[in-house]
Amino acid sequence: MANKNKSWAYVGLVAVAAIWGANFGVSRLVMETFDPILFAFLRFGLAVPIFFGLLYWKEGSIGVPVRVALQLAIIGFVGITVLENAVMYSIKYTTLANASLLNVAPWPIFAALFAPLFTKESLTRRLAIGGFVAMAGVFFIIVGGEEGLNFSSSHMIGNLLAFGVSLLGALFNLACMPLMQKYSPLRVSAWFIAFGALFMLPLTFGSWGEVDWSSLGAGDYSAILYNVLLCTVAAVFVWNAAMLRVGAARSNFFRYVVPATAVAAGYLFFDEQITVLQMGGAALMAMGLVWITSERSNGN
């Protein structure tokens, strides 16, 4: 019965990771139009009134105590402002393959290791085995691409930034868990995204005038809507609700769906080839995630 109750959560995690993975292709289409930081601000800033509108409609209020607001301000600064910039600069200072691997692969490991500090979760044998298999699959997906991995000294700054993204991202997810025990995932999400967008705003001041707003086309607006409505509003709410249901450690292994979907998006949008090694990696990753979801009553 427990597995049936969690089925929607696992489906939601896969769907969200697929949405985020496809966004690599969607966002690449508009990077010549928007500065990356400005585009990130549009994504989160435009989502803020939607989040608070949904929160008021669903729960009848939007407030949180001052002490909790301060906690959410820190979470928003780290999880939105700092993390989004770290992702962009990691891509700038290393190869896309390096960034993809280091941004994603260590994240669930850190979440599993640090989870006991924030929640009552523990690293079970089933989670460790399934996570290792899924991570191996991700490695083959990335290595199987045309770019491959390159850990030369010239990429050291970007590699360290990408690795830091995994560490900060895991801590960001885990820090939300105690608050979501007291407040709804929607309330927590609305506030940390609002603070994250607020702290990001000053970083965009030099970018607004560089955009030819009158020449924006349907593709540009579609990319903005995709990022705001799907990648942020729907995805963040579903991810946090599912993470609360099945645990942060287990949930974060589903981030491994992101690079697989990004490869598929590259094929659809940019005619990038998918190799046999990448297909094998995707199958291996899927096997690991299926093993994780097939939990037994004793948690092993």
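Residues numbered from 1 in each chain as written. Predicted model: local features only at pLDDT ≥ 70, side-chain atom pairs only at ≥ 80, totals over all residues. Heavy atoms only, no water.

With respect to the overall build of the protein chain
At step 1: Helix and strand counts for the protein chain come out as 12 helices and zero strands.
At step 2: In sequence order, the secondary structure elements of the protein chain are arranged as α-α-α-α-α-α-α-α-α-α-α-α.
At step 3: For the protein chain, the C-alpha radius of gyration of 19 Å lies close to 19 Å, the compact-globule estimate for 300 residues.
At step 4: By its C-alpha atoms, the protein chain is 55 × 50 × 35 Å across when sized along the principal axes.
At step 5: The burial tally for the protein chain puts 51% of its 300 residues in the buried class.
At step 6: Within the protein chain, contacts between residues separated by at least 24 positions form 90% of all contacts whose residues are at least 6 apart in sequence.
At step 7: Accessible surface, the protein chain: about 14000 Å² in total, of which carbon and sulfur atoms supply 70%. (Helix = DSSP H or I, 4+ residues; strand = E, 2+ residues; numbered from the N terminus. Rg over C-alpha atoms; globule rule 2.2 N^0.38 Å. Buried < 20%, exposed > 50% of the residue type's maximum accessible area, 1.4 Å probe, protein only. Contact = heavy atoms within 4.5 Å. Areas by Shrake-Rupley, 256 points an atom, 1.4 Å probe, with all protein chains shown as cover.)

Things to note about the pattern of salt bridges
At step 1: A complete count under the given rule lists one salt bridge for this structure.
At step 2: Its salt-bridge partner being Arg187, residue Glu59 comes within 2.8 Å of it at the nearest N-O pair. Of this pair, Glu59 sits in helix α2 (residues 36–59) while Arg187 is found in helix α8 (residues 185–200), placing the two residues 128 residues apart along the sequence.
At step 3: Among the residues examined, Glu59 registers a relative accessible area of 32% and is labelled partly exposed. (Salt bridge = Lys/Arg side-chain N within 4 Å of Asp/Glu carboxyl O.)

Here's the deal with the packing of aromatic side chains
At step 1: Enumeration according to the criterion identifies 15 aromatic pairs in this entry.
At step 2: Between Phe253 and Tyr256, the aromatic rings sit 5.9 Å apart at their centres with planes inclined by 70 degrees, giving edge-to-face as the arrangement.
At step 3: On the accessibility criterion, Tyr256 (0% relative accessible area) is buried.
At step 4: An aromatic cluster of three or more residues is present, and its members are Phe34, Phe39, Phe41, Trp208 and Trp213.
At step 5: Over the ring of Trp291 we find Arg126, and its NZ or CZ is 3.9 Å from the ring centre.
At step 6: Just above the ring of Trp107 sits the side chain of Arg255; from NZ or CZ to the centre is 3.8 Å. (Phe/Tyr/Trp six-rings, centres within 6.5 Å; stacked < 30°, edge-to-face > 60°. Lys NZ or Arg CZ within 6 Å of the ring centre and 35° of its normal.)

Section: helix α9 (residues 218–246)
Residues three or four positions apart in an α-helix share a direction because the helix packs 3.6 residues into each turn.
At step 1: The axis of α9 is deflected most strongly, by about 40 degrees, at Ala235.
At step 2: Following α9 by one or two positions, Gly247 adopts a phi angle in the positive range, close to 105 degrees. (Bend = angle between axes of the 7 residues up to and from the residue.)

Quick notes on the packing of helix α5 (residues 106–118) against helix α7 (residues 156–182)
At step 1: Where α5 contacts α7, the two axes come as close as 8 Å, and the packing angle between them is 35 degrees. Crossing of α5 over α7 shows right-handed handedness. On α7, the residues touching Pro106, Trp107, Phe110, Ala111, Phe114, Ala115 and Phe118 of α5 are Phe163, Val165, Ser166, Leu167, Gly169, Ala170, Leu171, Asn173, Leu174, Ala175 and Pro178.
At step 2: Within the contact of α5 with α7, the residues separate by chemical class into 15 nonpolar, three polar and no charged. (Axes fitted to C-alpha atoms, helices over the stretch in contact; angles between N-to-C directions. Left-handed = near helix turned anticlockwise from the far one by under 90°. Nonpolar A, V, L, I, M, F, W, Y, C, P; charged D, E, K, R; others polar.)

Some thoughts on the nonpolar core
At step 1: Ranked by internal contacts, the top residues of the largest apolar core, which has 89 residues, are Phe34, Phe51, Leu72, Phe192, Ile193, Met285 and Leu289.
At step 2: Discounting residues that sit within four places of it in the chain, Phe51 has contacts with Leu186, Ser189, Ala190, Ile193, Thr232, Val233 and Val236. (Core = buried A, V, L, I, M, F, W, Y, C linked by side-chain atoms within 4.5 Å.)

Focus: the environment of Phe51
At step 1: Locating Phe51 in the fold gives a position in helix α2.
At step 2: Of the residues examined, Phe51 reaches a relative accessible area of 0% and is grouped as buried.
At step 3: Sequence separation between Phe51 and Phe237 is 186 residues, and the spatial gap between their C-alpha atoms is 9.1 Å.

Details of the confidence of the model for the protein chain
Regions with low pLDDT should not have their predicted coordinates read in detail.
At step 1: For the protein chain, mean pLDDT is 85; residues scoring 70 or higher make up 92% of the total.
At step 2: The least confident element of the protein chain is helix α4 (residues 96–104), whose mean pLDDT is 74; the most confident is α8, at 96. (pLDDT = per-residue confidence, 0-100.)

Comments concerning the packing of helix α3 (residues 66–93) against α8
At step 1: Where α3 meets α8, the closest approach of the two axes is 7 Å, and the angle between their N-to-C directions is 60 degrees. Accordingly, the angle class assigned to the pair α3 and α8 is oblique. Crossing geometry of α3 relative to α8 is assigned as right-handed. Contacts between α3 and α8 involve Ala69, Leu72, Ala73, Ile75, Gly76, Phe77, Ile80, Thr81 and Glu84 from the former and Val188, Trp191, Phe192, Ile193, Phe195, Gly196, Ala197, Phe199 and Met200 from the latter. (Parallel < 35°, antiparallel > 145°, perpendicular 65-115°, else oblique.)

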